[in-house]
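Here's the letter readout for the chains.
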Amino acid sequence: MKVLDGKALAATIKEELKQEVDTIRLAGGKIPHLAAVLVGEDPASQVYVRNKVKSCEMVGFQSSLIRRPAEITQTELLEIVDELNKNPDIDGFIVQLPLPKHLDENTINLAIDPKKDVDGFTPVNIGMMTLGLPSYLPATPNGIVTMLDRYGIETSGKEVVVLGRSNIVGTPMTILLSRKGNPGNATVTMCHSRTKDLAFHTKRADILIAAIGIPEMVTADMVKEGAVIIDVGINRVEDASRKRGYRLCGDVDYAGLEGKVAAMTPVPGGVGPMTIVSLMMNTLAASKR
Ligand code: NAD
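Keep in mind that this is a model prediction, so the values were computed, not measured. (Residues numbered from 1 in each chain as written. Predicted model: local features only at pLDDT ≥ 70, side-chain atom pairs only at ≥ 80, totals over all residues. Heavy atoms only, no water.)

## Concerning the overall build of the protein chain
Here is step 1 of the chain: The helix and strand tally for the protein chain stands at 10 helices and 11 strands.
Here is step 2 of the chain: The C-alpha atoms of the protein chain give 19 Å as radius of gyration, which agrees with the globular expectation for 289 residues (19 Å, within 12%).
Here is step 3 of the chain: When its C-alpha atoms are laid out on the principal axes, the protein chain stretches across 50 × 40 × 35 Å.
Here is step 4 of the chain: Every one of the 289 residues in the protein chain was classed for burial, and the buried ones make up 48%.
Here is step 5 of the chain: Partitioning the contacts of the protein chain with sequence separation of at least 6, the portion at a separation of at least 24 is 69%.
Here is step 6 of the chain: For the protein chain, the exposed surface amounts to about 13,700 Å²; the carbon and sulfur share of it is 54%.
Here is step 7 of the chain: One finds the centroid of the 33 positive side-chain charges in the protein chain at a distance of 2 Å from the centroid of its 34 negative side-chain charges. (Helix = DSSP H or I, 4+ residues; strand = E, 2+ residues; numbered from the N terminus. Rg over C-alpha atoms; globule rule 2.2 N^0.38 Å. Buried < 20%, exposed > 50% of the residue type's maximum accessible area, 1.4 Å probe, protein only. Contact = heavy atoms within 4.5 Å. Areas by Shrake-Rupley, 256 points an atom, 1.4 Å probe, with all protein chains shown as cover. Lys, Arg positive; Asp, Glu negative; His and termini not counted. Charge placed at Lys NZ, Arg CZ, Asp CG, Glu CD.)

Listed below in structure tokens is the structure:
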């Protein structure tokens, strides 16, 4: 089985980005500047945002981290979004999700200027993507498409099954792979929590993309021999044998599938690093506009 090593691929792409930023710097051009807004103390969000800021530093981008306590009001957060929209030095920004319950994620998302929406979550960018027009593609699906492309995994005419229909992963993933293009041109089935007989669908998949958030739910009996498995899930499972008391795993039973499938992403080190790289690529594109 081939391991689809997102960590190594992301490092290669970051090196390419760094070279491009060096060229821009030498020419006296605008250095890409990404801002991240982090609300509250969610431990996973803190790790994600820290990794994004660290990646910016690695490739020579400027980055700004705006931290606010969980008690921030909707109006205060909207003011921050407005300032970032107006600040000419900021090329793109993200508001890390999930937000605390009292804040309305849709309202915040709608307030982000689509030209700075490097997460690709605003209606304008989702709409442009759906029409096949140039846009900022959502980071995780774009990271997956980049990975399929760089590993030379053919999608045209293939049966792709996507598990999950979230706005940030499942739905845009389905759109991207079913549209004309390369990667694309696949026959895509989207499954979700109301899907009856999940295994019926997963067993048909040449490429199976799992974005559910249930630890190791996809087992060997559910997949076709020789399939390509993209595991988006990042789950914490209690594990007393680990120093930190938990281990990370995906939505797929990696050890169980290893002997059966052709290629698979590990967790961690698969889709996660590709998501960050995709955000960097969007920020570079934003700085060139
Ligand atoms: P979400 O909770 O918004 O959506 C989960 C989806 O799974 C829903 O659409 C739901 O219908 C579906 N689902 C739930 N139970 C199901 C079942 N039994 N069978 C089939 N479908 C079922 O999650 P999300 O934001 O899309 O994230 C999914 C997972 O991916 C999470 O573990 C998250 O942490 C991870 N994630 C990873 C990255 C990354 O960069 N690697 C990025 C985003 C999300």
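Read on for the rest.
## Side note on the pairing of strand β4 (residues 92-95)
Here is step 1 of the chain: Every second residue of β4 is oriented toward a common face, with Gly92 and Ile94 on one face and Phe93 and Val95 on the other, all of them buried.
Here is step 2 of the chain: Across 4 bridges, strand β2 (residues 33-39) lies against β4 in parallel orientation. Across the sheet, residue Ala35 finds its bridge partner in β4, namely Phe93. (Pairing = 2+ DSSP bridges.)

## So, the UniProt feature "domain: Tetrahydrofolate dehydrogenase/cyclohydrolase NAD(P)-binding" (unreviewed entry) in the protein chain
Here is step 1 of the chain: Sites flagged by UniProt as "domain: Tetrahydrofolate dehydrogenase/cyclohydrolase NAD(P)-binding" (unreviewed entry) map to residues 138-288.
Here is step 2 of the chain: In residues 138-288, the share of helix is 32% and the share of strand is 19%. The end C-alpha atoms are 19 Å apart. (UniProt positions renumbered as here; feature names shortened; annotations may be inferred.)

## Remarks on the site of the ligand
Here is step 1 of the chain: Taken together, 21 residues are adjacent to the ligand, and Arg165, Ser166, Ser193, Val232 and Thr275 come closest.
Here is step 2 of the chain: Between an oxygen atom of the ligand and a main-chain N or O atom of Arg165, the distance comes to 2.8 Å.
Here is step 3 of the chain: Contact distances for the ligand include 3.0 Å between an oxygen atom and a backbone N or O atom of Ser193.
Here is step 4 of the chain: Relative to its unbound accessible surface of 850 Å², the ligand loses 72% to contact with the protein.
Here is step 5 of the chain: A per-element tally of the shell around the ligand places helix α10 (residues 271-288) first, with 3 residues.
Here is step 6 of the chain: Classifying every residue of the shell around the ligand gives 10 nonpolar, 10 polar and 1 charged. (Near = heavy atom within 4 Å. Polar contact = N/O pair within 3.5 Å; in protein donor to acceptor, adjacent residues only side chain to side chain. Nonpolar A, V, L, I, M, F, W, Y, C, P; charged D, E, K, R; others polar.)

## Focus: the UniProt feature "domain: Tetrahydrofolate dehydrogenase/cyclohydrolase catalytic" (unreviewed entry) in the protein chain
Here is step 1 of the chain: When the UniProt feature table is mapped to this numbering, "domain: Tetrahydrofolate dehydrogenase/cyclohydrolase catalytic" (unreviewed entry) covers residues 4-119.
Here is step 2 of the chain: Between the end C-alpha atoms of residues 4-119 the distance is 23 Å, and the span holds 50% helix and 16% strand.

## Some remarks on the nonpolar core
Here is step 1 of the chain: Counting residues in each nonpolar core, the largest one holds 47 residues, and the members touching the most others are Ile144, Ile209, Ile230 and Val232.
Here is step 2 of the chain: Examining the composition of this core, we find that 7 residues originate from one element, α10, more than from any other.
Here is step 3 of the chain: Mapped onto the domain boundaries, this core takes at least three residues apiece from domain 1 (28-114) and domain 2 (139-272).
Here is step 4 of the chain: When neighbours within four sequence positions are excluded, Ile144 is seen to be in contact with Met173, Ile209, Ile230, Val232 and Val271. (Core = buried A, V, L, I, M, F, W, Y, C linked by side-chain atoms within 4.5 Å. Domains from an automatic or database assignment.)

## As for the side chain of Thr155
Here is step 1 of the chain: Mapped onto the elements, Thr155 comes out in the loop between α6 (139-150) and β5 (159-163).
Here is step 2 of the chain: The buried category is assigned to Thr155, whose relative accessible area is 1%.
Here is step 3 of the chain: Here Gly184 takes part through its backbone oxygen, which lies 2.8 Å from a polar atom of the side chain of Thr155.
Here is step 4 of the chain: With residues up to four places along the chain from it excluded, the contact list for Thr155 reads Leu148, Leu177, Pro183, Gly184, Asn185, Ala186 and Ile207.

## Some points on unusual backbone geometry
Here is step 1 of the chain: With an omega of -5°, the peptide bond running from Asn182 to Pro183 counts as cis.
Here is step 2 of the chain: Inspection of the secondary structure assignment puts Pro183 in the loop between α7 (170-178) and β6 (187-191).
Here is step 3 of the chain: Cis rather than trans, the peptide bond between Val267 and Pro268 has omega equal to -5°.
Here is step 4 of the chain: Among the secondary structure elements, Pro268 is positioned in the loop between β11 (263-264) and α10.
Here is step 5 of the chain: Of note, Asp197 is a non-glycine position whose phi angle comes to about 55°, a positive value.
Here is step 6 of the chain: Structurally, the position occupied by Asp197 is in the loop between β6 and α8 (198-202).

## So, the side chain of Thr189
Here is step 1 of the chain: Position of Thr189 among the secondary structure elements: in strand β6.
Here is step 2 of the chain: Here Thr189 falls in the buried class, since its relative accessible area comes to 18%.
Here is step 3 of the chain: Excluding residues within four positions of it along the chain, Thr189 makes contact with Val160, Val161, Val162, His201 and Arg204.

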